[in-house]
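Close look at the chain arrangement
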Amino acid sequence: MTQIQDAELTEQGLPLGHRTGRVLLIACGALAREILDLRTANGWDHLDLTCLPAKLHLYPDKITKEVRKAVNAHRNNYDDIFVVYADCGTGGLLQAACDEMGVSMIAGPHCYSFFEGNEAFAERAGDEFTAFYLTDFLVRQFDAFVIRPMGLDRHPDLRDMYFGNYEKLIYQAQTDDPALTEKAKECADRLGLAFERRLTGYGDLKTALARL
């Protein structure tokens, strides 16, 4: 995994390697490192992984179509397929497509929720509607997912228009990495937001994969 760069996961995703397992995970590229780390740590050799480009999150209307294509491309080669996307802005369309295709997907509105734990996130939601969330991947790819898509590299004066109603940046840390924490603090400074770090670990992602 160390040879795969975040930029590749953003633009290209992760192609399916040599088949070794009986369950295929079709996931967002932003989750590739976490899933592979969990697979290695827990000896889940029955799980194979392929990832769609993480940049699909910038175009959520495309996610359902691409997941459907991936399921249809691989379903005859596996006993089961599990989709490692939450709703992710699809407005329920992804869940409906998975139900139609007879495959399961991880529960939750987005990865911020399942990393924290869906129940815990829902309990906090009413108090955190002015929070902006980042995960390990999004800290590493902050410019690619936040600064450049919003045009802040060309028009930094737009920052307060975009983020004026936010109060703090919450960094949901999957790993205890001091360098990433410092980078997350820099992200908060760039957005003019207060900073909070939560070591969430893998949350409901680990729980969901452990059931497969």
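Procedures and definitions
Residues numbered from 1 in each chain as written. Predicted model: local features only at pLDDT ≥ 70, side-chain atom pairs only at ≥ 80, totals over all residues. Heavy atoms only, no water. Axes fitted to C-alpha atoms, helices over the stretch in contact; angles between N-to-C directions. Helix = DSSP H or I, 4+ residues; strand = E, 2+ residues; numbered from the N terminus. Parallel < 35°, antiparallel > 145°, perpendicular 65-115°, else oblique. Left-handed = near helix turned anticlockwise from the far one by under 90°. Contact = heavy atoms within 4.5 Å. Pairing = 2+ DSSP bridges. Buried < 20%, exposed > 50% of the residue type's maximum accessible area, 1.4 Å probe, protein only. Core = buried A, V, L, I, M, F, W, Y, C linked by side-chain atoms within 4.5 Å. Polar contact = N/O pair within 3.5 Å; in protein donor to acceptor, adjacent residues only side chain to side chain. Phe/Tyr/Trp six-rings, centres within 6.5 Å; stacked < 30°, edge-to-face > 60°. Right-handed = clockwise from strand over helix to strand, strands pointing away.

Looking at the packing of helix α2 (residues 32-42) against helix α11 (residues 203-210)
Two elements in contact, α2 and α11, have axes whose closest approach is 11 Å; the angle formed by their N-to-C orientations is 55°. With respect to their mutual orientation, α2 and α11 come out oblique. Seen along the crossing, α2 lies across α11 with a hand that is right-handed. In this structure, α2 contributes Glu34, Ile35, Leu38 and Asn42 to the contact, and α11 contributes Leu205, Lys206 and Leu209.

A few points about the sheet that holds strand β6 (residues 168-173)
Sheet strands line up and pair through hydrogen bonds in the backbone, either parallel or antiparallel. With respect to topology, 3 strands assemble into an open sheet ordered β5-β6-β7, the strand pairing being parallel. In this open sheet, the two strands that pair with only one neighbour each are β5 (131-134) and β7 (194-199). Adjacent strand axes in the sheet meet at a mean angle of 25°, parallel and antiparallel pairs treated alike. In this structure, β5 lies alongside β6, joined through 4 bridges in parallel fashion. When the sheet's bridge partners are listed, phenylalanine 132 is paired in β6 with leucine 169. Packed on one face of the sheet, helix α10 (residues 178-191) meets β5, β6 and β7 and runs near 160° to β6.

Some thoughts on unusual backbone geometry
Despite not being glycine, cysteine 88 has its phi angle at roughly 55°, a positive value. Inspection of the secondary structure assignment puts cysteine 88 in the loop between β3 (80-84) and α4 (93-101). Using a relative accessible area of 12% as the deciding quantity, one classes cysteine 88 as buried.

A word on the environment of lysine 206
Structurally, lysine 206 can be placed in helix α11. On a C-alpha basis, the gap between lysine 206 and alanine 86 in space is 14 Å, while along the polypeptide they are 120 residues apart. Discounting chain neighbours no more than four positions away, the residues touching lysine 206 are Leu38, Asn42 and Trp44.

Comments concerning the nonpolar core
Counting residues in hydrophobic clusters, the biggest one holds 68 residues, and the most contacted among them are Ile35, Val84, Tyr85, Leu169, Leu205 and Leu209. A per-element tally of this core places strand β1 (residues 23-28) first, with 6 residues. When near neighbours in sequence (up to four residues on either side) are disregarded, valine 84 contacts Leu25, Ile26, Ala27, Cys28, Leu31, Ile35, Ile106, Leu205 and Leu209.

Observations concerning the side chain of threonine 50
Tracing the backbone shows threonine 50 in strand β2 (residues 47-52). According to the relative accessible area criterion, threonine 50 is buried, its value standing at 10%. For threonine 50, the side chain forms a polar contact with the main-chain oxygen of leucine 14, separated by 2.9 Å. Residue contacts for threonine 50: discarding those within four places in its chain leaves Leu14, Pro15, Leu16, Leu24, Leu25, Ile26 and Ala27.

Quick word on the packing of aromatic side chains
One pass over the full model with this rule turns up 7 aromatic pairs. On the numbers, 5.8 Å between centres and 75° between planes, the contact of phenylalanine 137 with phenylalanine 145 is edge-to-face. Classification of phenylalanine 137 as buried rests on a relative accessible area of 1%. Residue phenylalanine 145 is classed as buried on the basis of its relative accessible area, which comes to 12%.

Some remarks on the sheet that holds β2
On the basis of which strands lie adjacent, the open sheet formed by 4 strands has the order β2-β1-β3-β4 and parallel pairing. At either margin of the open sheet sits one strand with a lone partner, and together these are β2 and β4 (104-105). Pairing of β3 with β4, which is carried by 2 bridges, proceeds in the parallel orientation. Bridge assignment links valine 83 to a residue of β4, and that residue is methionine 105.

Topic: the side chain of serine 113
Topologically, serine 113 is positioned in helix α5 (residues 111-116). Every residue in contact with serine 113, bar those within four places of it in the chain, is listed here: Asn118 and Phe121.

Some points on the pairing of β7
When β6 meets β7, the two strands line up parallel, connected through 6 bridges. Across the sheet, the residue bridging to tyrosine 171 is arginine 197, located in β7. On the question of chirality, the crossover connecting β6 to the parallel β7 by way of α10 is right-handed.

So yeah, pure geometry; function would need other evidence.
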